[in-house]
Amino acid sequence: FCFASHLSLFPPKVPPHTHTMVLYPNIEPYQTGMLAVSDLHTIHYEVSGKKDGEPVLFLHGGPGGGTGPSDRRYFDPSFYKIIMIDQRGSGKSTPHACLEENNTPSLVSDIEKVREHLKIDKWVVFGGSWGSTLSLVYSETHPERVNRLILRGIFTLRRKELLFFYQEGASWLFADAWEDYEKQIPEAERGDMIQAYYNRLTGDDPVVRDACALAWSKWEMATSKLKVDPKYLERADDPAWALAFARIESHYFVNGGFFPEGYVLDNVDRIRHIPTTIVQGRYDVVCPFKTAWDLHRRFPEAKFVVCSGSGHSAGEAEISEELVKAADAHRDFKKRSLNSASGRPMTAGKVPPGGAATFFAGGSFEVADAADAAPRKDAPWLNNTFTFG
């Protein structure tokens, strides 16, 4: 189950279905292209779903992760016009794994160039992990272009978030996987693992570079799900993918994301009017719960969904289900709004399991429980509404 808003005291319960069961069917893009965004960089984009549908932009993680066919499947293709971009150096964009002119302001500018190229006025922005960072920075820069945010696995690239995962913290929970990550670096340099990896990933020795790319990427793949998934680990076995992923991530991390410390949270007031859903795995060690909680405290208008049996990956069924629900909820709201404007009778949207009705109010989604529970004086954090799923 997932709780919207505050803490859960119940033990985790993983849904009895798989990630792919909760997604929409596979579809193919009807438009693909390469857009020159600078003299150096050309980025790959694709469009799928409904040609005149509600535009939704999918922003991938990493940075450096690139997009894949399953990323289209969070969205109802009969309603959404689905746009996906491979960010600079990632996926099919060129030059591959390039770090020159690769920074957050440039990515924000690229998003605007794609929007203008596709003649889109406003869009839903959907991103997880680094994709949540970029979604937040983009919307804080261009709030007039965003009509909804759907965020997962919140990451704001503060130094303490990086140190937890790449220096000490997650290593206590995944000591076996950490050993393989740590052994690439001589003991004398282990005081700053990110910098030590970056030095090797940008060095001249291709053997060392490729070994470090594999180890860096496998560390993240091994820790991204509540239970280690061997198939997920196989992603790192692709040398080209691992090189882009590790090089670009470490490049952004040693440069603090190319924005001041705390920038994302410090500027959240610019977007508090934008309807937003935050989906966070309780046991996420890549982007720990604390960051999502900090965003929730700064952005109380957003719907905050805690997936109590999940880690970091959007490939976990519980998280996938909540992301699909968030996209479906926006679809249902837009349809109700159109019916109301045209004078047609409004039809109810899908009611989540457990009888909780989802509705739109006060600039954000709220979830009301069907059972009118009395306030809990002994545990006041449980007084906020929640829904079982």
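Residues numbered from 1 in each chain as written. Predicted model: local features only at pLDDT ≥ 70, side-chain atom pairs only at ≥ 80, totals over all residues. Heavy atoms only, no water.

When helices and strands are tallied, the chain shows eleven helices and eleven strands. Contacts in the chain between residues far apart in sequence, at least 24 positions, make up 72% of those at least 6 positions apart. (Helix = DSSP H or I, 4+ residues; strand = E, 2+ residues; numbered from the N terminus. Contact = heavy atoms within 4.5 Å.)

As a further point, take the environment of Ile248. Here Ile248 is to be found in helix H8 (residues 239–254). Judged by its relative accessible area of 1%, Ile248 is buried. Note: C-alpha distance between Ile248 and Leu201 (47 residues apart in sequence) is 9.3 Å. Dropping the residues within four chain positions of it, Ile248 is found in contact with Pro63, Gly64, Arg88, Gly89, Ser90, Ala97, Leu99 and Asn102. (Buried < 20%, exposed > 50% of the residue type's maximum accessible area, 1.4 Å probe, protein only.)

Attention now moves to the packing of aromatic side chains. Inspection of every chain in the model, using the stated rule, returns 27 aromatic pairs. On the basis of an interplanar angle of 50 degrees and a centroid distance of 4.8 Å, the ring pair of Trp178 and Tyr181 is categorised as tilted. Of this pair, Trp178 and Tyr181 both sit in helix H4 (residues 175–182), three residues apart, roughly one helical turn. A residue is classified by how much of its surface remains accessible, and Trp178, at 9% relative accessible area, is buried. Ring geometry for Tyr197 and Trp216: centres 5.4 Å apart, planes at 65 degrees, overall edge-to-face. Placement of Tyr197 in helix H5 (residues 193–201) and of Trp216 in helix H6 (residues 206–223) is noted, with a sequence separation of 19 residues between them. (Phe/Tyr/Trp six-rings, centres within 6.5 Å; stacked < 30°, edge-to-face > 60°.)

Residue Pro63 follows Gly62 across a cis peptide bond; omega there is 5 degrees. Tracing the sequence through the fold places Pro63 in the loop between strand E4 (54–59) and strand E5 (80–85). Backbone torsion omega between Thr94 and Pro95 reads -5 degrees, so that peptide bond is classified as cis. Looking at the secondary structure, you find Pro95 in the loop between E5 and helix H1 (104–117). Of note, Ser129 is a non-glycine position whose phi angle comes to about 60 degrees, a positive value. Mapped onto the elements of the fold, Ser129 is located in strand E6 (residues 123–129).

H5 sits mainly inside the fold: seven of its nine residues count as buried. Among all positions of H5, only Met193, Ile194, Ala196, Tyr197, Tyr198, Arg200 and Leu201 are buried. Residues of H5 that are buried in the fold lie against helix H3 (159–166), H4, H6 and H8.

So, about the environment of Val125. The residue Val125 is located in strand E6 in this model. Of the residues examined, Val125 reaches a relative accessible area of 0% and is grouped as buried. In this structure, the C-alpha to C-alpha distance between Val125 and Tyr138, residues 13 residues apart in sequence, is 9.1 Å. The contacts of Val125, once residues within four sequence positions are left out, are Leu57, Leu59, Ser135, Tyr138, Val146, Arg148, Leu149 and Ile150.

What follows covers the nonpolar core. Core analysis: the largest hydrophobic core is formed by 81 residues, its most contacted members being Tyr166, Tyr197, Trp216, Trp219, Phe253 and Leu295. When residues in this core are grouped by element, the largest group, nine residues, is from H8. Discounting chain neighbours no more than four positions away, the residues touching Leu295 are Leu136, Leu151, Ile154, Leu265, Val268 and Ile278. By size, the runner-up hydrophobic cluster in this structure holds 24 residues, among which are Phe58, Phe126, Ile150 and Ala326. (Core = buried A, V, L, I, M, F, W, Y, C linked by side-chain atoms within 4.5 Å.)

What follows covers the confidence of the model for the chain. Taken residue by residue, the chain gives an average pLDDT of 87. The fraction at 70 or more is 83%. Throughout residues 3–15 the model reports pLDDT below 50, and contacts reaching past four residues in sequence, or to other chains, amount to 46 contacts. A low-confidence stretch, residues 346–389 (pLDDT under 50), is modelled with 80 contacts involving residues beyond four sequence positions or located in other chains. (pLDDT = per-residue confidence, 0-100.)

Right, let's talk about the pattern of salt bridges for a bit. Note that side chains of opposite charge can pair when their charged atoms are close. Throughout the structure, instances matching the rule amount to 23 salt bridges. Its salt-bridge partner being Arg158, residue Glu161 comes within 2.6 Å of it at the nearest N-O pair. We note that Glu161, like Arg158, is buried. Of the charged contacts, one joins Glu189 and Arg200 as a salt bridge, the two residues approaching to 2.8 Å between their closest N and O atoms. You can see Glu189 sitting in the loop between H4 and H5 and its partner Arg200 sitting in helix H5, a full eleven residues away along the chain. Judged by relative accessible area, which is 33%, Glu189 ranks as partly exposed. Overlapping salt bridges, with partners in common, bring together Asp76, Asp328, Arg331 and Asp332 in one network. (Salt bridge = Lys/Arg side-chain N within 4 Å of Asp/Glu carboxyl O.)

With respect to the helices and strands, the residue Glu112 is situated in helix H1. With sequence-adjacent residues up to four places away left out, Glu112 is seen in contact with Tyr138, His142 and Arg145.

What follows concerns the packing of H4 against H6. Between H4 and H6, the least distance of the axes is 9 Å, while the angle of their chain directions is 170 degrees. When the axis of H4 is compared with that of H6, the two are roughly antiparallel. The crossing of H4 and H6 is left-handed. Taking contact as the criterion, the partners of Ala177, Trp178, Asp180 and Tyr181 in H4 are, on H6, Ala215, Trp216, Trp219 and Ala222. Grouping the constituent residues of the contact of H4 with H6 by class yields seven nonpolar, no polar and one charged. (Axes fitted to C-alpha atoms, helices over the stretch in contact; angles between N-to-C directions. Parallel < 35°, antiparallel > 145°, perpendicular 65-115°, else oblique. Left-handed = near helix turned anticlockwise from the far one by under 90°. Nonpolar A, V, L, I, M, F, W, Y, C, P; charged D, E, K, R; others polar.)

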